[in-house]
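# Fold and geometry: a report
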Amino acid sequence: MGKRKALIAGNWKMHNTVIEGCHLAADISRLCSDLTDRDVMVFPPATILSEVCHIVKDGPIVVGCQNVCWEDRGAFTGEISPVMVKDAGGRAALAGHSERRQIFGETDALINKRLKGGLFFGLQMILCIGETLAEREDGRTFAILEEQLRKGLDGVSAADMAQVVIAYEPVWAIGTGKTASKEQAQEAHAFIRGILEQIFEKNIAEQTRIVYGGSVKPTNVDELMAQADIDGALVGGAALDAKSFGRIINFK
Ligand code: PGA
């Protein structure tokens, strides 16, 4: 594990009704009550943000929204503002998840607006980046990561970076059961840290947490977390079950 405090985040995607989400949140909360050396976040669907926040309110879990608008209010049908996320009890948001990019056509420019909007209103933000299989096979992984990182972080200040986490999520590893090998993940994370040093400075690059996402499971979390530049995990499928998410949180 690197020098930074580990972060394990669960992205529930479009899963869980109120009852299901409350049970899951209560179970995870019980597993986390004594944790001090690692951070835990969950990202439920917006419809149950408030209920989940209520369930975990006395514990260490930070709750966030899976996407966020840059304005506080207004004519933005279908969007959720950072102020609304905070009003519901949320303190974080994702930006640029590959499903937003691939299925809903979100661009780096749009993602950058979301990221800056969330930061402006005081949310911790996780910027997700990652290459597709075709891009990896074309030898374009690093070019894509650099482009998504530079465009995504455009106009973000060094001071703001204290509230930013980068998630490296190779698209080909998300929900497919195919995890990047620990070497592939470490190589990408080290590259990302190098670009952060170019954009900001060494200290910022050293302090920024870079978490890995893409089929993280109880069986592979330990070896991923042992890599020098892997500071945590953004977990989809395995975060929907308290037992498996609990094992991931308690990585060794
Ligand atoms: P997965 O999803 O763990 O189900 O691959 C990760 C993510 O999309 O954040």
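Residues numbered from 1 in each chain as written. Predicted model: local features only at pLDDT ≥ 70, side-chain atom pairs only at ≥ 80, totals over all residues. Heavy atoms only, no water.

### Overview of unusual backbone geometry
The criterion, for reference: Helix and strand definitions here come from DSSP, where helices need a minimum of 4 consecutive H or I residues and strands a minimum of 2 consecutive E residues; each element is numbered from the N-terminal end. Only protein chains enter the accessibility calculation, which uses a 1.4 Å probe; a residue is then buried when its area is under 20% of its type maximum, exposed when over 50%, and partly exposed in between.
The backbone phi angle of asparagine 16 is positive, close to 90°, even though this residue is not glycine. Mapped onto the fold, asparagine 16 is located in the loop between β1 (6–11) and α1 (18–32). Its relative accessible area of 21% is what places asparagine 16 among the partly exposed residues. A positive phi angle, near 55°, is found at serine 215, a position not held by glycine. With a relative accessible area of 14%, serine 215 lands in the buried category.

### Brief notes about the pairing of strand β8 (residues 232–235)
Put simply, the rule reads: When DSSP locates at least two bridges between a pair of strands, those strands are taken to pair.
Side chains Gly232 and Leu234 project from β8 onto one buried face, and the interleaved Ala233 and Val235 project onto a second face that is buried too. In the sheet, β1 pairs with β8 via 4 bridges, with the strands oriented parallel. In the strand pairing of β8, alanine 9 is matched with leucine 234.

### Observations concerning the site of the ligand
Test applied: If a single non-hydrogen atom of a residue is within 4 Å of a molecule or strand, that residue counts as near it. Contacts described as polar in this section are N or O atom pairs within 3.5 Å, which, within protein, must combine one atom able to donate a hydrogen with one able to accept it, while residues neighboring in sequence count only if both atoms come from side chains. Here the accessible surface of atoms and residues is derived via Shrake-Rupley with a 1.4 Å probe, and residues count as covered only by protein chains that are part of the display. Note on residue classes: Ala, Val, Leu, Ile, Met, Phe, Trp, Tyr, Cys and Pro are nonpolar, Asp, Glu, Lys and Arg are charged, and everything else, Gly too, is polar.
Around the ligand lies a shell of 13 residues, among which Lys13, His97, Glu169, Gly175 and Ser215 are the nearest. The side chain of lysine 13 places a nitrogen or oxygen atom 2.7 Å from an oxygen atom of the ligand. Here an oxygen atom of the ligand and a side-chain polar atom of glutamate 169 are 2.7 Å apart. Taking 280 Å² as the accessible area of the ligand by itself, protein coverage stands at 95%. Counted by class, the shell around the ligand contains 4 nonpolar, 7 polar and 2 charged residues.

Nothing here speaks to function; it is geometry throughout.
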